[in-house]
Amino acid sequence: TKLRQMIRDREVSASELLVAHVSQIEALNTELNAIVTLDVERATATAKVADDKTASGATVGLLHGLPMAHKDLADTAGIRTTYGSPLFADHVPTSNSLHIDRLQNAGAITIGKTNTPEFGAGSQTFNTVFGATHNPWDQSKTCGGSSGGAAVALAAGMIPLADGSDMGGSLRNPASFCGIVGLRPTPGRVPTWPSGGVWSPWGVEGPMGRCVADVALGLAAMSGPDPRVPLSRSEPGAMFNNLNLSQDTLTGLRIGWDLDLGGLPIDPQVRLVLEPVRAALESIGATTTEKSINLVGADEVFQVMRAAAFDSKLGPLVDKYPDQFKDTIHWNIDESRRRPLSDMAKAITGQAQIHASAVEFFSSHDVLACVVSQVPPFDVATDWVREIDGHQMDSYIDWMRSCSDITTTGCPAISIPAGITRNGLPVGLQLVAAHGNDARLLEIAATVEAALR
């Protein structure tokens with residue numbers, strides 16, 4: 001937001017801003033491996049056009065002159081998009097994903113792509129095409145995922161704003177691990193197109209930034225209705241450009257405090273950082289109660305729906321090229337195909353019950369506060385967490401339940417920095433608001449952010 005104003009005030013040009021960020025990429029990216037495709041020539045030409053537009057006094061977009069690198073799951077016309085898969089290592093799309101069009105139309109300058117696990121499967125960013133992305137706070141640790149490259153690029157100052165996607169925590173978990181902000185919007189807030197699942201509320205696109213105000217700016221550019229996506233929200237994106245993000249009190253705010261979401265195991269290091277946060281929120285006026293959404297059965301609902309989504313999207317490709325996919329993708333598709341149809345029926349009913357519980361909870365609370373990631377950043381050579389505080393994890397997504405259980409509610413959720421472990425690693429706090437209440441969530445998050453900074 002500050003850089004945006006500097007460009008508008010002509011204190012810095014888009015070209016100068018691009019050079020500064022490319023310099024940061026050149027200095028740090030070899031070790032961190034956050035940006036996997038870089039197109040400086042194209043970005044330089046786009047920045048020159050942006051500067052000419054500024055000089056002419058023409059009306060400019062919300063993101064005019066700001067450099068961005070996009071998650072490598074999103075199609076970018078004329079720029080390599082691999083989805084983290086060796087099958088698409090040299091794939092260059094001819095058109096953009098819808099949200100990329102919106103970001104570019106708002107004036108963002110595309111400089112490249114950020115790393116992601118293969119087809120976004122897993123909350124640890126590595127693949128056989130580009131390798132692993134390292135956490136800038138400690139390069140021996142993971143950055144999380146699947147929007148891990150985006151989170152690292154932001155944390156290391158390589159870009160000022162990023163996009164990502166989230167099914168089971170992929171905008172929230174890497175934000176927590178890298179000390180930035182990641183928002184999973186209400187499904188349909190940022191329409192996904194092209195898409196084979198236009199009625200699906202599970203996978204969403206959203207913004208990431210170094211502060212809540214930057215995330216609100218990104219959401220303003222990305223959101224808004226689209227007739228091709230029946231779940232898209234009718235409210236215009238501009239509403240997020242006029243939020244009150246400078247409140248200094250939470251007086252009257254009703255927070256449900258359920259750190260472990262009904263008993264999920266949490267690493268003691270994470271708990272030690274987050275437990276004092278409750279008193280900090282109360283000190284600026286909030287009322288907290290030990291209330292929560294009833295998430296009984298959420299894990300099973302998510303497992304069934306995720307498996308079906310992977311099978312629908314990737315099943316035919318996996319059948320054709322079975323040796324080109326990692327084991328965890330095979331596991332998701334096998335889960336879909338081994339389960340009886342009655343499991344889907346139960347999951348649909350279970351999701352409806354969870355939604356009803358969320359509606360009831362938010363009738364008496366403004367937000368739910370809970371953990372983002374149940375563990376701190378772990379060794380980058382570990383593919384997924386097998387144990388948390390003595391509890392065994394049965395699959396590669398079980399350790400992310402603090403995010404995936406929230407996904408089943410259909411509610412917007414944000415990760416904001418909450419503190420640092422004794423080992424110097426970031427820990428985030430997750431705030432959840434009622435379905436469709438993204439604007440209020442951002443306003444509350446900005447106040448909490450200021451209190452915890």
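(A) Up close: the layout of surface pockets. Estimated volume of the second largest pocket: approximately 230 Å³. Considering the residues around the second largest pocket, the lining is formed by Thr1, Lys2, Leu3, Arg4, Leu66, Pro160, Leu161, Arg210, Cys211, Ala213, Asp214 and Leu217. In terms of residue class, the lining of the second largest pocket is built from 7 nonpolar, 1 polar and 4 charged.

(B) Quick look at the packing of helix α2 (residues 14–32) against helix α3 (residues 40–56). Contact geometry for α2 and α3: axes closest at 8 Å, N-to-C directions at 155 degrees. Taken together, the axes of α2 and α3 lie roughly antiparallel to each other. Packed against α2, whose contacting residues are Ala14, Ser15, Leu18 and Val22, the element α3 presents Val40, Ala43, Thr44, Ala47, Lys48, Ala50 and Asp51 at the interface. Looking at the contact of α2 with α3 residue by residue, the class counts come to 7 nonpolar, 2 polar and 2 charged.

(C) Representation of the nonpolar core within the structure. In terms of nonpolar packing, the biggest core is built from 55 residues, with Leu63, Leu429 and Leu442 touching the most fellow members. The residues contacting Leu442, other than those within four sequence positions of it, are Leu183, Val212, Val215, Ala216, Leu219, Phe240, Leu243, Leu245 and Ile414. Core analysis: the second largest hydrophobic core is formed by 42 residues, Leu261, Cys370, Phe378 and Tyr396 among them.

(D) The pairing of strand β10 (residues 204–209), seen in detail. Here β10 lies mainly inside the structure; 6 of its 6 residues are buried. Pairing geometry for strand β8 (residues 161–166) and β10, over 5 bridges, is antiparallel. If you follow Ser165 over to β10, its bridge partner there is Glu205. Pairing geometry for strand β9 (residues 181–184) and β10, over 2 bridges, is antiparallel.

Reading the values: rules and limits
Residues numbered from 1 in each chain as written. Predicted model: local features only at pLDDT ≥ 70, side-chain atom pairs only at ≥ 80, totals over all residues. Heavy atoms only, no water. 1 Å grid on protein atoms, 1.4 Å probe; cavity = no way out; pocket = protein on both sides within 12 Å on 5 of 7 lines; lining within 4 Å. Points joined across faces, edges and corners; volume = space filled by probe spheres on them. Nonpolar A, V, L, I, M, F, W, Y, C, P; charged D, E, K, R; others polar. Axes fitted to C-alpha atoms, helices over the stretch in contact; angles between N-to-C directions. Helix = DSSP H or I, 4+ residues; strand = E, 2+ residues; numbered from the N terminus. Parallel < 35°, antiparallel > 145°, perpendicular 65-115°, else oblique. Contact = heavy atoms within 4.5 Å. Core = buried A, V, L, I, M, F, W, Y, C linked by side-chain atoms within 4.5 Å. Buried < 20%, exposed > 50% of the residue type's maximum accessible area, 1.4 Å probe, protein only. Pairing = 2+ DSSP bridges.

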